[in-house]
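# A closer look at the structure
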Amino acid sequence: MIETYIRRLVSYGTATGLVPTEDIIYTTNRLLELFNLDELEDSSGDISMDTGELEEVLAGMLDYACEKGLIKENSVVYRDLFDTRIMNVLMPRPSEVIHRFYDLYENESPRAATDYYYKLSRDSDYIRRYRVCRDIKWSAETQYGNLDITINLSKPEKDPKAIAAAKLAKQSGYPKCLLCRENEGYAGRINHPARQNHRIIPVTINGGQWGFQYSPYVYYNEHCIVFNLQHTPMRIEHATFCKLFDFVRQFPHYFVGSNADLPIVGGSILSHDHFQGGNYEFAMAKAPVEESFCVEGFGDVEAGIVKWPMSVIRLRCADTDRIIGLADLILDRWREYTDAEAFVYAYTDGEPHNTITPIARKRGEMFELDLVLRNNITTNEHPLGVYHPHAKLHHIKKENIGLIEVMGLAVLPARLKTEIAGLKQTMLSGGDLRADEALAKHADWVEEFSVKYDRIDESNIDEIIKKEIGRVFMEVLEDAGVYKRTQEGRKAFRRFIDSLGTSDGK
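Here is a short report on the structure shown in this document.

Calculation rules
- Residues numbered from 1 in each chain as written.
- Predicted model: local features only at pLDDT ≥ 70, side-chain atom pairs only at ≥ 80, totals over all residues.
- Heavy atoms only, no water.
- Phe/Tyr/Trp six-rings, centres within 6.5 Å; stacked < 30°, edge-to-face > 60°.
- Buried < 20%, exposed > 50% of the residue type's maximum accessible area, 1.4 Å probe, protein only.
- Lys NZ or Arg CZ within 6 Å of the ring centre and 35° of its normal.
- Helix = DSSP H or I, 4+ residues; strand = E, 2+ residues; numbered from the N terminus.
- Expected span 1.5 Å × (residues − 1).
- Contact = heavy atoms within 4.5 Å.
- Core = buried A, V, L, I, M, F, W, Y, C linked by side-chain atoms within 4.5 Å.
- Polar contact = N/O pair within 3.5 Å; in protein donor to acceptor, adjacent residues only side chain to side chain.
- Pairing = 2+ DSSP bridges.
- Axes fitted to C-alpha atoms, helices over the stretch in contact; angles between N-to-C directions.
- Arc of directions from axis to C-beta.

### Let's talk about the packing of aromatic side chains
A complete count under the given rule lists 33 aromatic pairs for this structure. Where Phe-247 meets Phe-251, the ring centres are 4.9 Å apart and the plane angle is 35°; that geometry is what we call tilted. For the pair Phe-449 and Tyr-453, a centre-to-centre distance of 6.5 Å together with 85° between the ring planes defines the contact as edge-to-face. Given a relative accessible area of 2%, Phe-449 falls into the buried group. Site record: aromatic cluster; members linked through ring pairs are Phe-101, Tyr-102, Tyr-105, Tyr-117, Tyr-118, Phe-212, Tyr-214, Phe-247, Phe-251 and Tyr-254. Geometry around Tyr-116 places Arg-100 over its ring, the cationic atom sitting 5.8 Å from the centre. One cation-aromatic arrangement involves Lys-362 over Phe-367; the distance from NZ or CZ to the ring centre is 5.3 Å.

### Notes on helix α16 (residues 487-499)
For α16, with 13 residues, the first-to-last C-alpha span of 19 Å sits near the 18 Å given by 1.5 Å per residue. Considered for burial, the residues of α16 that qualify are Gly-489, Ala-492, Phe-493, Arg-494, Phe-496 and Ile-497. At its buried positions, α16 is contacted by β8 (289-293), β9 (302-306), β10 (312-317), α11 (320-335) and β14 (366-375). With its phi angle positive at about 90°, Gly-501 sits one or two positions after the end of α16.

### Quick word on the nonpolar core
One finds Phe-35, Phe-212 and Tyr-483 to be the most contacted residues of the largest nonpolar core, which totals 100 residues. In this structure, Phe-255, Phe-449, Ile-469 and Met-474 belong to the second largest nonpolar core, which totals 50 residues.

### Here we look at the side chain of His-253
The topology assignment puts His-253 in the loop between α9 (238-250) and β6 (255-257). Polar side-chain contacts of His-253 include one of 2.9 Å to the side chain of Thr-114.

### A closer look at the sheet that holds strand β1 (residues 136-142)
Taking strand neighbours across the sheet as the criterion, the three strands line up as β1-β2-β15 in an open arrangement whose pairing is mixed. Every other strand in the sheet has two partners, leaving β1 and β15 (409-412) as the edge strands with one partner each. Mean inter-strand twist for the sheet, computed between neighbouring axes without regard to direction, equals 20°. With four bridges joining them, strand β2 (residues 145-151) and β15 adopt parallel strand pairing. Counted as the bridge partner of Thr-150 is Val-411 from β15. Helix α15 (residues 461-480) rests against β1, β2 and β15 of the sheet, and its axis sits at about 105° to β2.

### Focus: the pairing of strand β13 (residues 354-363)
Among the ten residues that make up β13, eight are buried, leaving the element largely enclosed by the rest of the structure. Alignment of β6 against β13, held across two bridges, turns out to be antiparallel. Within β13, the position partnered with Val-256 by the bridge is Ala-360. Where β13 meets β14, ten bridges bridge the pair, whose relative direction is antiparallel. By the bridge assignment for β14, Arg-363 is matched with Met-366.

### Remarks on helix α2 (residues 24-34)
Within α2 the residues assigned to the buried category are Thr-27, Thr-28, Leu-31, Leu-32 and Leu-34. For α2, the buried positions fall inside an angular range of 160° around the axis, keeping them on one side. Among the exposed residues of α2, those pointing more than 90 degrees away from its buried face are Ile-25, Tyr-26 and Glu-33. Where α2 ends, the next residue or the one after it, Asn-36, has phi of about 60°, a positive value.

Right under this line is the structure:
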């Protein structure tokens, strides 16, 4: 069967455009070499395949590699290292991808360029479509709009042997992190994913050299990552706003935003400056401005507080320099802002707490910049963060609230898939949730929401659980909001707005 798999994979390469007709024999011979074969003996049978069959073909090739000892161990980690080697045989060189991208960009459109690159990233199996489609997704209606909920299943869990092997493996500083440009073409190792089928598009942003790529886990449509080609730490500053708008000007069909630059409220990789963007409109982007204001000296910039569970200021103007000027003022003022009555402290013991999560987009001829106020202070009551999901919500979401969650997409842990299944079974059978170690943490939550429904049975339990998880995520965002949506919170938010020097009448 390995010979049939090779022929089918080459056929897939030609059908997707990865393998030009002129490269068919060359690609076939490289695959023979990879599998220690001298020739193709079987030339019969149907070799056509569509994109949906890639998982099946790769699985067959990996099974063969395991049988022949080409893979050290038949586990997901070692299989992922080897199937990336397989797909690399079909890949064009980075220079070819870059030339094609910019040819489309200059002669057709930015959208044509990103369409080509996104398709390449999917066809090459850098984005493993057959895993991404297993993610559990739904939307939940709330007072802030429809929030997106995702239980992330596309990132495979390592088996215990692989985890143990990774601990014993030689620690390497190459690449320095998962975002560094040295990942392009890297073979990977037990404690670092293979990236032979990874290609990076160089982009110049605000005069600096950056890279453009897609996330292998695509939490939303065309989920991209834009990263500094130098391994330099995250920092929210004047240049950040300039870079965000420069990227949006070059790719106006994409939004782009940055995680904050402090622990707890920041992203998972604070050591490498990067943004995330894509061709998607989140609930926060759809949320209206509920209170407008005008800052002295910036009368031409529309400014307002967004109706959102977190504390968001939206700036809007056709001139990005004017937006950036006002954003600088807001950032500088927020960095140093303390309001003890609202439990907002810029510093404790010299440690800074205030920062911003910025998101930029273009609407027609106008540009927008959303500035989400963040604060990472901790207390004995809330050791993981005062403006972080509180303990009663940790049974659903305990992790940091980064850029993607801020905008209204919950990325929930894979454990919830099995826990929800167990939850449903126990609820329908009338069992005791507290008697099950894995489900006990959900018991208070279930008791709290169950009383709202006249009945919970097979016909409605799925929708009820999805709805209630959506409400938990809404509460997660409210916890992460510095200014609560109460009368006191609104007054406190207004005190900060007034500190900017607002004009009368708005």
